[in-house]
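Chain by chain, the residues:
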Amino acid sequence: MGGRTWWWGPPTTSSASRSSSGFGFAVASIGDINQDGFQDIAVGAPFEGPGKVYIYHSSAGGLLPQPRQVISGSELGLQTFGYALSGGLDVDGNSYPDLLVGSLAERVVLLRARPVINILNKTFAVTPSKVDPARCTPDSCITVTVCFSYNQSAGDPAYRENITLQYTLEADRDRHAPRVRSCCCW
Ligand SMILES: [Ca+2]
Ligand SMILES: [Ca+2]
């Protein structure tokens, strides 16, 4: 006799801390939003405050227990946010599936997934490597070389998008060991 056998274990996520939130009122498969090869899901909790949508990633072992992202209706000025969910369609053609979120406020919000940029390496070199502020003159200078490498997570290998990397170099001359450091965002 043919057919499919379903099996289950303990609930993947606990609703104990979300009493009366409506957590699980709406559930949707949203595709592989982080392009790691595993399908992801969204869970609505429309009565948790203004309503929230929990995004869960999955893995070879199943759903990860902690949400990767929690989106609140307060960020969008909505109540009962997460009352309905529909996902898996790539509305804007960027190779990432997007998510439609409904509410009882007669409004639907399209949440668009964006490519993920991973900074792989950062090299940082200062020449000369040691600087004595006491000996600096108006003509003193140092050379700072910063190099970044990155990859772009996308489902379509042909998808490419130029990025703008913003970073800050900070010279900390008042510390006992004067130094130059950097930070960045994109
Ligand atoms: Ca995934
Ligand atoms: Ca998309």
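Residues numbered from 1 in each chain as written. Chains lettered and ligands numbered in written order. Predicted model: local features only at pLDDT ≥ 70, side-chain atom pairs only at ≥ 80, totals over all residues.

As recorded in an unreviewed UniProt entry, the protein goes by Integrin alpha first immunoglubulin-like domain-containing protein and comes from Patagioenas fasciata monilis. According to its UniProt record, the protein has this under Subcellular location (unreviewed entry): "Membrane". The Sequence similarities (unreviewed entry) comment attached to the protein in UniProt states, word for word, "Belongs to the integrin alpha chain family." (UniProt positions renumbered as here; feature names shortened; annotations may be inferred.)

K.L.:
Give a description of the overall build of the protein that names residues and reports values.
P.N.:
A tally of helices and strands in the protein yields zero helices and 13 strands. Tracing the protein from N to C terminus, the helices and strands come up as β-β-β-β-β-β-β-β-β-β-β-β-β. For the protein, buried positions account for 19% of its 186 residues. Restricting to contacts in the protein with at least 6 residues of sequence separation, those with at least 24 account for 45%. (Helix = DSSP H or I, 4+ residues; strand = E, 2+ residues; numbered from the N terminus. Buried ≥ 20, exposed ≤ 12 C-beta atoms within 10 Å, placed from the backbone. Contact = placed C-beta atoms within 7 Å.)

K.L.:
Help me get a handle on the sheet that holds strand β8 (residues 98-102), residues and values and all.
P.N.:
Whenever strands of a sheet pair, they do so through backbone hydrogen bonds, lying parallel or antiparallel. Read from one edge of the open sheet, three strands run β7-β8-β9, paired in antiparallel fashion. Single-partner strands in this sheet number two, and they are β7 (84-89) and β9 (108-111). Recorded for the sheet is a direction-independent mean angle of 15 degrees between the axes of neighbouring strands. Pairing geometry for β7 and β8, over five bridges, is antiparallel. Looking at β8, one finds that L85 is bridged to V101. (Pairing = 2+ DSSP bridges. Axes fitted to C-alpha atoms, helices over the stretch in contact; angles between N-to-C directions.)

K.L.:
Describe unusual backbone geometry, with residues and values.
P.N.:
The omega torsion of the bond from T127 to P128 falls at -5 degrees, within 30 degrees of zero and hence cis. The residue P128 is located in the loop between β10 (116-127) and β11 (143-153) in this model. Phi at T80 takes a positive value of approximately 50 degrees, unusual for a residue other than glycine. Looking at the secondary structure, you find T80 in the loop between β6 (69-72) and β7. A count of 19 C-beta atoms within 10 Å places T80 in the partly exposed class. Backbone geometry places E106, a non-glycine residue, at a positive phi of 60 degrees.

K.L.:
An account of the sheet that holds β6 is requested, with residue identities and associated values reported.
P.N.:
Strand order in the open sheet made by the four strands is β1-β2-β3-β6, with antiparallel pairing throughout. The outermost strands of the open sheet, each flanked by one partner alone, are β1 (26-31) and β6. The sheet shows a mean angle of 20 degrees between the axes of neighbouring strands, direction not considered. In terms of strand pairing, β1 meets strand β2 (residues 40-45) through five bridges, oriented antiparallel. Its bridge partner being in β2, A26 is matched across the sheet by G44.

K.L.:
Explain the nonpolar core to me, using residue names and the numbers behind them.
P.N.:
Within the largest apolar cluster, 20 residues are counted, with the highest numbers of intra-cluster contacts made by A42, V43, V53 and Y54. Put simply, the parts of the chain that give this core at least two residues each are β2, β3 (52-56) and β8. Ignoring anything within four residues of it in the chain, the contact list for V53 reads A42, G44, I71, F81, G82, L85 and V101. (Core = buried A, V, L, I, M, F, W, Y, C linked by C-beta atoms within 7 Å.)

K.L.:
Account for the pairing of β3, with residues named and values stated.
P.N.:
Among the five residues in β3, five count as buried, and that is most of the element. Of the two faces of β3, both are covered, the one formed by K52, Y54 and Y56 as well as the one formed by V53 and I55. Hairpin connection between β2 and β3: a loop of six residues separates the two successive antiparallel strands, and G49 in this loop has a positive phi of roughly 60 degrees. With four bridges connecting them, β3 and β6 associate as antiparallel partners. By the bridge assignment for β6, K52 is matched with S72.

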